[in-house]
Amino acid sequence: DLKIARETIMPKMRQLIAATPAADEAVILGIGDLLHWDGFVQETPASKHPLDGDGRYPKVLETALDMVEETVELVLARHRRVTVRILRGNHDPVSSVAIAAVLARVFRANKRVTIDKDAAYHWWLRRGKVFLGGSHGDKAKMRDLPMVMAHDRPEDWAASTYRRIYTGHIHHESRIEEGGVIVTSMRSPVAKDAYHSFNKWRSGRSVYSETFNVDGSEAATL
């Protein structure tokens, strides 16, 4: 239900953003599956699992864009610069690319906003001694991602002392440390649909905020 989704998620996003300490740069990271399905057929693109949906695909796409645009504006009001990356998931590998392209046009005149349109499945960003990464979680196991990080960005790996990777996909919260890299699987803020309710999958719902100092230390976690 699009109305319920907006009324459930956006107040929590506003609360989280208001509680996050102001920083020189904020990163808005979508870790995949922003949309539940990827076109006019309500099913997962690869596995063809049937999915619940409210209304037509254009309505879903427009609602998602509205919510992300509002999130960017809210974050921009508290932080000097904003970087946005919408990662591809197994539910929305095409739509996620389209959303990033639209956001880039919406904010193209704002010099304080950077929309990362890279369509790769992995995302890497280093600021000072903090090296961050993200991936939806359907292409590699959590324990394998630190080696992917080191291989893709060896210079950033060598220059960093704090390394962190975020994943989603399974909707359950868990954390491992592999090779000095903390890899976190994060909950989703969405409710279960019929397919997941009828099967075994159960998890809580969350949104997250973490703040780091460029010297390589954590400053706040919400």
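Everything here concerns the structure above.
Residues numbered from 1 in each chain as written. Predicted model: local features only at pLDDT ≥ 70, side-chain atom pairs only at ≥ 80, totals over all residues. Heavy atoms only, no water.

Peer 1: Help me understand the environment of glutamate 70 in this model?
Peer 2: Within the secondary structure, glutamate 70 sits in helix 2 (residues 57–76). Considered as a pair, glutamate 70 and methionine 149 are 79 residues apart in the sequence and their alpha carbons are 31 Å apart. When sequence neighbours within four positions are dropped, the list of residues in contact with glutamate 70 reads Met10 and Arg14. (Helix = DSSP H or I, 4+ residues; strand = E, 2+ residues; numbered from the N terminus. Contact = heavy atoms within 4.5 Å.)

Peer 1: Looking at this model, I keep getting lost on the nonpolar core. Mind explaining?
Peer 2: In a soluble, globular protein the nonpolar side chains are often hidden away together inside. Core analysis: the largest hydrophobic core is formed by 24 residues, its most contacted members being Val72, Val84, Leu103 and Ile115. Elements with a contribution of two residues or more to this core: helix 1 (2–19), strand 1 (25–30), helix 2, strand 2 (81–86), helix 3 (95–106) and strand 3 (113–116). It is helix 2 that provides the largest number of residues to this core, a total of eight residues. What valine 84 contacts, discounting residues up to four positions off in sequence, is Ile28, Val72, Leu103, Thr114, Ile115 and Asp116. (Core = buried A, V, L, I, M, F, W, Y, C linked by side-chain atoms within 4.5 Å. Buried < 20%, exposed > 50% of the residue type's maximum accessible area, 1.4 Å probe, protein only.)

Peer 1: I keep staring at the pairing of strand 1 and nothing clicks. Help me out?
Peer 2: Looking down a regular strand, the side chains alternate between one sheet face and the other. The pairing of strand 1 with strand 2 spans six bridges and is classified as parallel. The partner of isoleucine 28 across the bridge, within strand 2, is valine 84. On the question of chirality, the crossover connecting strand 1 to the parallel strand 2 by way of helix 2 is right-handed. (Pairing = 2+ DSSP bridges. Right-handed = clockwise from strand over helix to strand, strands pointing away.)

Peer 1: I would appreciate a short explanation of helix 1 in the present structure.
Peer 2: Note: α-helices contain 3.6 residues per turn, so residues at a spacing of three or four share the same orientation. Under the 1.5 Å per step criterion, the end-to-end length of helix 1 is 26 Å for 18 residues, consistent within 8% with the ideal 26 Å. Buried within helix 1 are the following residues: Leu2, Ile9, Met10, Met13, Leu16 and Ile17. Angularly, the buried residues of helix 1 cover 125 degrees about the axis, an arc narrow enough to put them on a single face. Set apart from the buried face of helix 1 by more than 90 degrees, the exposed residues are Lys3, Ile4 and Gln15. Packed against the buried residues of helix 1 are helix 2. (Expected span 1.5 Å × (residues − 1). Arc of directions from axis to C-beta.)

Peer 1: Can you walk me through the packing of aromatic side chains in this structure?
Peer 2: The geometry of an aromatic ring pair comes down to the distance between the two centres and the angle between the two planes. Counted by the stated rule, this structure contains three aromatic pairs. A ring pair is formed by tryptophan 124 and phenylalanine 131, whose centres lie 6.3 Å apart and whose planes are at 55 degrees; its orientation type is tilted. No difference in accessibility class separates tryptophan 124 from phenylalanine 131, as the two residues are buried. For the cation-ring pair, arginine 163 lies above tryptophan 157, with the distance from its terminal atom to the ring centre recorded as 4.2 Å. (Phe/Tyr/Trp six-rings, centres within 6.5 Å; stacked < 30°, edge-to-face > 60°. Lys NZ or Arg CZ within 6 Å of the ring centre and 35° of its normal.)

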